[in-house]
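Letter by letter, the chains look like this.
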Amino acid sequence: MSDDGLHMQIGQVAQRTELSIRTVRHYDDVGLVTPSARTAGGFRLYTEADVERLLVIRRMKPLDFTLAEMKQLLESLDVVSDADASEDSRSSAADFVGECHTKAEESCRTLRRQLAYAEELTELLSARGAAAEP
């Protein structure tokens, strides 16, 4: 995604990504998404590209990706889209993106199964609760 040069403050970014300000700061502290700029007073400023990176992380989090995997995937996505990257780098990055895709698919299958179990339980409890009412 192209960067139009507009900067957002952390509160705006938190609202757009549905992440807490604390979480956005944490991702900066661990080196996942570093703000593109800072104000003279040291406040973090983010671009649309930064928001997109945070959204990738937000999508990975419920799928049990580790922080290291998140960082490697973000780096790999950068390499894959970098026309100046070497063929070896692009190939290695594409391989890791593929591994993450497979892991995400497996996680989705597990979550669908868990959701089905939760829905079955909800229906059972609803039926039993309705049957117990006088």
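To be clear, the structure that these remarks concern was listed above.
Rules of the game
- Residues numbered from 1 in each chain as written.
- Predicted model: local features only at pLDDT ≥ 70, side-chain atom pairs only at ≥ 80, totals over all residues.
- Heavy atoms only, no water.
- Helix = DSSP H or I, 4+ residues; strand = E, 2+ residues; numbered from the N terminus.
- Rg over C-alpha atoms; globule rule 2.2 N^0.38 Å.
- Buried < 20%, exposed > 50% of the residue type's maximum accessible area, 1.4 Å probe, protein only.
- Contact = heavy atoms within 4.5 Å.
- Areas by Shrake-Rupley, 256 points an atom, 1.4 Å probe, with all protein chains shown as cover.
- Expected span 1.5 Å × (residues − 1).
- Patch = residues over 30% accessible without salt bridge, like charges linked within 9 Å, V, L, I, M, F, W, Y side chains within 5 Å.
- Salt bridge = Lys/Arg side-chain N within 4 Å of Asp/Glu carboxyl O.
- Pairing = 2+ DSSP bridges.
- Axes fitted to C-alpha atoms, helices over the stretch in contact; angles between N-to-C directions.
- Parallel < 35°, antiparallel > 145°, perpendicular 65-115°, else oblique.
- Left-handed = near helix turned anticlockwise from the far one by under 90°.

A. Looking closely at the overall build of the protein. Each helix and strand counted, the protein has 5 helices and 3 strands in total. Listed by position from the N terminus, the elements making up the protein come as β-α-α-β-β-α-α-α. Radius of gyration (C-alpha) of the protein: 20 Å, far over the 14 Å computed for a compact globule of 134 residues. Overall, the C-alpha framework of the protein stretches about 70 × 40 × 25 Å when taken along its three principal axes. Burial statistics for the protein: of 134 residues in total, 26% are counted as buried. In the protein, the share of contacts with a sequence separation of at least 24, taken over all contacts with a separation of at least 6, comes to 50%. Accessible area for the protein stands at about 9100 Å²; split by element, carbon and sulfur atoms hold 52% of it.

B. Representation of helix α3 (residues 48-60). Here α3 is 13 residues long and its end C-alpha atoms lie 19 Å apart, about the 18 Å a rise of 1.5 Å per residue gives. Taken together, the buried positions of α3 are occupied by E48, D50, V51, L54, L55, I57 and M60. Those residues of α3 that are buried lie in contact with β1 (8-9), α1 (10-17), α2 (21-29), β3 (44-46) and α4 (67-80).

C. Representation of a nonpolar patch on the surface. Taken together, L121, L124 and L125 make up a surface patch of nonpolar side chains, about 270 Å² in accessible area. A residue is classified by how much of its surface remains accessible, and L125, at 52% relative accessible area, is exposed.

D. Molecular detail of the sheet that holds β3. Spatially, 3 strands are ordered β1-β3-β2 in an open sheet, and the strand pairing comes out antiparallel. Of all strands in the sheet, those with a lone pairing partner are β1 and β2 (37-38), marking the two edges. Across the sheet, α2 is in contact with β2 and β3; its angle to β3 comes to roughly 90°.

E. Layout of unusual backbone geometry. One non-glycine residue, E18, adopts positive backbone phi at about 60°. Positionally, E18 belongs in the loop between α1 and α2. Positioned with a positive phi, D64 is a non-glycine residue whose angle comes to about 65°. Note on placement: D64 falls in the loop between α3 and α4.

F. Seen up close, the environment of E69. Here E69 lies in helix α4. What makes E69 partly exposed here is its relative accessible area of 23%. The spatial distance from the C-alpha of E69 to the C-alpha of I57 is 9.9 Å, given a sequence separation of 12 residues. Non-local contacts of E69, meaning those with residues more than four positions away in its chain, are made with M60, D64, F96 and K103.

G. Region of interest: the packing of α1 against α3. Where α1 meets α3, the closest approach of the two axes is 10 Å, and the angle between their N-to-C directions is 45°. Classed by the angle they form, the pair α1 and α3 counts as oblique. The interaxial crossing formed by α1 with α3 has right-handed handedness. The residues of α3 that touch α1, namely those facing V13, R16 and T17, are E48, V51, L54, L55 and R58.

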